[in-house]
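Residue-level structure breakdown
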Amino acid sequence: MLHTATTFDPIALSILWSRLISIVDEAGTTLQRTSFSTVTRESNDFAVVLMDRKGRSIAQSSVSVPSFLGVLPILTKALLKDYFPEDTWKEGDVVMTNDPWLCAGHKPDIGIVSPIFYKESLIGFIGTIAHSPDMGGQLWGAGTRDLYEEGLMVPPTKLIAEGKPNETLFNILEHNVRAADQTIGDIRAQVAANDQGIKSLMKLMEENDLIDLQDLADAVINASEKAMREALSAAPDGSYNYAYDTDGDGLGEGCHFEITITIKGDEIVADYTGTSGAHYMSINAVLNYAFAYTAYPIKCAFSPDVPNNDGSFYPITVTAPEGCLVNAQKPSPLGARNVTGNMLHSVVFGALAKAVPNQVQSDCGSACWCIVLNGEHKGKEFVEYFFLNGGYGARPNMDGEHVLSFPTNVANVPIEVLETDVAVLVTEKSLVPNSAGDGEYRGGLGQRFSFKNIGDKPINVSMVAEKTVTSAKGILEGKDGQMGSVKIIPEREFPSKGLGKLHPGEELILTLPGGAGYGNPSNRDQGAIEQDKILGYIS
Amino acid sequence: MKLGIDIGGTFTDFVLFDDNSNKLYFAKTLTTYPDPTVGIFNGVKELEDKFGFPVKNIDGIVHGTTLVTNAVIERKGAKTAFITTKGFEDVLEIGREMRYDIYDIFLTMPKPLVPRNLRMGISERVDIQGNIVTPMDEGALKDLAETLKQNGIEAVGVCLLNSFANTGHEQAIGKYLAKHVPNMYYSLSSEIMPEIREYERSSATAMNAYVQPITDKYLKDFETQLMASGFEGNINIMISSGRLTTIDGARKSPIHLLESGPAGGAMAGVFFGKHLEEDNLLCFDMGGTTAKACVIYEGQPEITNHFEAGRVKRFKKGSGLPVRIPVIDLIEIGAGGGSIARVNNIGLLTVGPDSASSDPGPACYNLGGENPTVTDADLVLGYLNADYFLGGEMNLSIEAARQAIETKLAKPLGISIEEAALGVHKIVNENMANAARVHVLEKGMDPRHFNMIGFGGAGPVHSFGVAKLLNVNKLIIPVGAGVTSALGFLVSPVASEKIHSHISELNSLDWNEVNTFLADMETDGYGFLANSGIDEKDATVKRVVEMRYYGQGHEITIELPEGLLSENDLEEIKRRFIKEYEFRYNRSIEGMHMEMVTWRVVVQGPIPEMKVEQFSTSKGNEEGYKGTRKVFFEETGYLDCPVYDRYALQPNEKFDGPAIIEETESTTVVGINSAVQVDADKNILIDLHH
């Protein structure tokens, strides 16, 4: 079974493996430095994955969004199977798509895949996904009623064929999106990142006298698969259930998740039977995306140290009834599907706590809140995305961190950058004392972020907030975190999900939920409690 | 006569340049704790005893130290408070909200240098254009000052929102504190780092305040004791940008000392590059715990403003505290000789990132370390001499090294001890070459167009392997390879760098305003140089702007045209931006507006001249060749390898690799298929494509 031993010795493999990772990291840096979208450049909402010629991932960028990393190989395999079979690719081709079912679950995420040729043979693919500044349609958010309101959909299409740009496609894009030069600029940045990765891979091939990538791919994939299987084997066999509720629209139409995780030998199956049906708001997730966000916490729990690639996923199966919240079908709206994806770690860790309690964390004050502001500033239209994170869940041996992104990994937009781009004045950014769930280890605190419209025109606000009527759930007798809230001054109704308007002079006050606790609070160390009081984390 | 003194974690290095004889003298003493000045005076005394140079004959001293870095890593700074705009006290703790490792749910983020109970808000607000939205509550200042006194605060950092656009409120706080809490140190963000992005600016300001009292005390002691010992010359301090500041400058902005030692190494690289007519050099500096690389392009080191101090996880970007100060772009490319090797859970050999440091140290130190390290592998392979480590001051146990490698690596992998040792040596070289390659590529350059210079305690042992992996043609092991940073101090210029944040689209810039602030910054710079006795006519001025395409978040640095700027310079500025952008990213974007963000003016004194000839105690008739010993190379296995004494090598001496060249502070390993030439100044030049 150890293909590794027959092809690459442990020293050579160790060397080549780290080289592959540095190739994708380098491409990721190029993408980040040259992109316009704040989502990509300030918040790292992108990923680069190197794949073999079967579309299996071999290496991925280190600081990236987990969902994208999981999705790229699925996309590439689908391209090979249903759109562009292996023998039809030509050197210099670049394929683009934002089809949510093939790609990352909603239209703003654009997948760009380039084939890699070495000595005239196809040896693999490199792909990037990045959140584009705009894809047309309604302002991005949870408020769209169907897929068609969410803008342009580009099925898998050659953006560049044998080095020749597809002018028709560029033209269509240009006429369908806001801030077209930035959106197209970012697509070009993705192509450039792919090219950079290809260039570096060529050097690796030459310097190591490799003919193709297959043996190396097999070796790294087998190693990652083996590590995952060994870790799963060490966990007790059995079926573990967990049920979990989230806000939904925050007005009474919530979402219900049910999961049954079955560990048998060295395999794990997660089944979402019992989960509620598709929601009327655009928070539905396609199965690819649900798979990525289910496999991710499993990887964290069982094999965090081994570099990720296709092999880590082989022992994992995810199933969900067709048409449910996590296996949405056309034309369910998907825009803010991240709210749902971001919840799956809660469900997975909740179930796994019954099997491997020392390998999981308590629920985080997620999903990450996404806010989009659209209006006019200094005579220019702006579309500004920014993100806010809640408290991190407690761990079996330590408290949760305050205000930290999980399971996604997006940075905030600096206040001073936000104020440069948009006519707002931020009035508060602070930790919220007492917002964390208590426990032997407590959760991390949530945050408050408030801002005022100081311009003379209303600002359209697309809100995607979560845990305003539900809370982060504690594990093993740990307490729940505090709920968040969305308030406006002067006081009136303001949606926690969907579109609202912030009129001149109005102030929006966003309070993000705290993380949940782990273990019984009566076991908490007295010194830790005192320290929390001194620092004002609790009163 | 000039003296460079570099305090490192383990050793304090001394390089003395005698401009009468044009010769260099070296000394090395153990760094002393808790008072490093003891070690300094031990070294100064050694120089006097050994070579007969009393301290009063020294005209100038240039000093660098790890004091600031260590204070941040070990959290041994002052009791510090932090003042912010009310409502934003937690910005320093919240940071950017992003994890540095996506799969590690057990990660911890770096704790802020100022705890929550010592962060205080004051009612005031300035908008992004610098307009006052809420006037400062002057009455609250009194209460604030009282709280600081009651809490026994030694230093305070002040960072208000948008203070880079209007410094008024911060200045007012500074004035008030200076008057009413006179013994407390304070740092204003508008002086420390006047740039957009509140978290990064807060982080730098808090850190400056945190290290200011200890740095101030240390520098005062240093200066006083030097004066007391008879020193009458000028003192300069090495800073992270590879330039020198005054004692006063260092006391005011101690965070600039964070990378003083490594910056010294890079400046030595610049010096040797110029001397040897090598414009493009890759500096490779490997010590006991860290290896660093830096690019010198067209004779200049690259300067970056992205830096992190006190990482909680080694080599993990984002796990430290950001400090946006000008730093020579040195990247940590790997661990040093103390890095531990192991077989991981999937049966692969890996090295680092954790280090056995000096206690217990590598297995071969025989101080209780059981884990095999890079140094152990180097010893087993014969690269190091067990009896001549640090010139024989320390004996290494080859048996202990072999046993650690056998138990922990060779047996589990089912390979021989030598294969395992070679594996460790190769992996560490490969990882370093990898990181260095990425670093060079990120700048849009090709590593094959560079020659390499290697130094540091472990640098010459690994330079050949790394150079080969990078396809470098020529490797230089300079004179004083074990004390290079201190040598670099002596060839660095005194300079001041002024920063001004002024965000505007290129097409709508008010050129009068630009010319005015640039001129002010230049005048400030001349004033600073005058304090070090440097005349305006000997100074050079470099004016740069960080710019980007409108809508991007990362800037690139462009040198501005000379003289008064006007609309006539627009095309030239655009051209320079596009050229640099294309150089870095292989493309440019047509028709996109450009935006200027941060303006910098560097006013720099002349770069000191120096010869590189080392004073030697050898009589000149000794043989460099000392015989052979068994050394293991990948291509050949064990062979009888010639060993040379570096001090006895003669100018223009030539021999072929393989070879081992020993000196007190380091050992140069020369692999097979290469040629060695000793130049007139006794630098070792190795041709790798012989």
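Quick caveat, the model's predicted, so the values are computed rather than measured.

1. Re the overall build of chain A
Summing up its helical and strand segments, chain A has 13 helices and 19 strands in all. With respect to the three principal axes, the spread of C-alpha positions in chain A is 65 × 60 × 40 Å. Within chain A, the proportion of its 539 residues that are buried is 63%.

2. Some details on the domain arrangement of chain A
Residue and element names in this part refer to chain A. Considered domain by domain, chain A is made up of domain 1 (3-222) and domain 2 (361-539). For domain 1 and domain 2, the distance between their C-alpha centres works out to 32 Å. Taken together, the 18 residues of domain 1 in the interface contact 21 residues of domain 2. Taken together, the elements giving at least two residues each to the side of domain 1 that touches domain 2 come down to α3 (38-41) and α4 (66-83). Residues that form the side of domain 1 that touches domain 2 fall into these classes: 8 nonpolar, 6 polar and 4 charged.

3. Considering the nonpolar core
Residues and elements named next belong to chain B. Counting residues in each nonpolar core, the largest one holds 371 residues, and the members touching the most others are Val 156 and Met 207. Here this core takes 14 residues from helix α12 (residues 417-442), the largest share from any one element. Filtering out sequence-adjacent residues up to four positions away, Val 156 remains in contact with Thr 80, Ala 81, Phe 82, Ile 83, Leu 148, Leu 177, Met 184, Tyr 186 and Ala 209.

4. Brief notes about helix α4 (residues 138-150) of chain B
In a regular helix each residue adds 1.5 Å, so 13 residues correspond to 18 Å; α4(B) covers 19 Å between its end C-alpha atoms and thus fits that length. After α4(B) finishes, the residue Gly152(B) shows a positive phi value of roughly 65°.

5. Re the domain arrangement of chain B
Residue and element names in this part refer to chain B. For chain B, the assigned domains are domain 1 (2-72 + 217-257), domain 2 (76-210), domain 3 (339-426) and domain 4 (495-604). Taking only C-alpha atoms, the centre of domain 1 and the centre of domain 4 are 34 Å apart. Facing the 5 residues of domain 1 at the interface are 5 residues of domain 4. Residue composition of the side of domain 1 that touches domain 4, grouped by class: 1 nonpolar, 3 polar and 1 charged.

6. A look at the sheet that holds strand β9 (residues 255-264) of chain A
All names here are of chain A. Spatial strand order, β8-β9-β10-β11: 4 strands in an open sheet with mixed pairing. The outermost strands of the open sheet, each flanked by one partner alone, are β8 (238-246) and β11 (316-319). When strand polarity is set aside, the average angle formed by the axes of neighbouring strands in this sheet is 15°. Two elements, strand β10 (residues 267-271) and β11, share 4 bridges in a ladder whose sense is parallel. Opposite Val 269, over in β11, you have Thr 317 as the bridge partner. Along the sheet, helix α11 (residues 344-352) contacts β8, β9 and β10; its crossing angle with β8, the most-contacted strand, is approximately 140°.

7. Points about the interface of chain B and chain A
Interfaces are often sized by the accessible area lost when the parts come together. Between chain B and chain A, the contact holds 57 residues from the first and 64 residues from the second. Looking at the side of chain B that touches chain A, the elements with two or more residues in it are α3 (91-94), α7 (198-228), β22 (349-355) and α12 of chain B. Looking at the side of chain B that touches chain A, its residues break down into 26 nonpolar, 16 polar and 15 charged.

8. Things to note about the sheet that holds strand β6 (residues 119-122) of chain B
Residue and element names in this part refer to chain B. Taken in spatial order, the 4 strands line up as β6-β5-β9-β10 in an open sheet, and their pairing is parallel. Of all the strands in the sheet, just β6 and β10 (185-188) have a single pairing partner and so form its edges. Averaged over all neighbouring strand pairs, the angle between strand axes comes to 20°, with direction disregarded. Where strand β5 (residues 80-85) lies against β6, 4 bridges are found, and the strand directions are parallel. Among the inter-strand pairings, Phe 82 is bridged to a residue of β6, identified as Arg 119. Sitting on the sheet, α4 is in contact with β5, β6 and β9 (155-159), with an inclination near 170° to β6.

9. Regarding the pairing of strand β14 (residues 424-431) of chain A
Residue and element names in this part refer to chain A. Among the 8 residues in β14, 7 count as buried, and that is most of the element. As paired elements, β14 and strand β15 (residues 447-453) share 7 bridges and run antiparallel to each other. Across the sheet, residue Val 426 finds its bridge partner in β15, namely Phe 451.

10. A look at the confidence of the model for chain A
Predicted confidence across chain A gives a mean pLDDT of 93, with 98% of residues reaching 70 or more. Scored below 50 in pLDDT, residues 1-6 of chain A shows 7 contacts in the model against residues more than four places distant or in partner chains.

11. Topic: the environment of Ser462(A)
Residues and elements named next belong to chain A. Mapping Ser 462 onto the fold places it in strand β16 (residues 459-464). Between the alpha carbons of Ser 462 and Cys 370 there is a distance of 8.1 Å; along the sequence they are 92 residues apart. Residues in contact with Ser 462, not counting those within four places in the same chain, are Leu 139, Trp 140, Gly 141, Gly 143, Val 372 and Leu 499.

Conventions and cut-offs
Residues numbered from 1 in each chain as written. Chains lettered and ligands numbered in written order. Predicted model: local features only at pLDDT ≥ 70, side-chain atom pairs only at ≥ 80, totals over all residues. Helix = DSSP H or I, 4+ residues; strand = E, 2+ residues; numbered from the N terminus. Buried ≥ 20, exposed ≤ 12 C-beta atoms within 10 Å, placed from the backbone. Domains from an automatic or database assignment. Contact = placed C-beta atoms within 7 Å. Nonpolar A, V, L, I, M, F, W, Y, C, P; charged D, E, K, R; others polar. Core = buried A, V, L, I, M, F, W, Y, C linked by C-beta atoms within 7 Å. Expected span 1.5 Å × (residues − 1). Pairing = 2+ DSSP bridges. Axes fitted to C-alpha atoms, helices over the stretch in contact; angles between N-to-C directions. pLDDT = per-residue confidence, 0-100.

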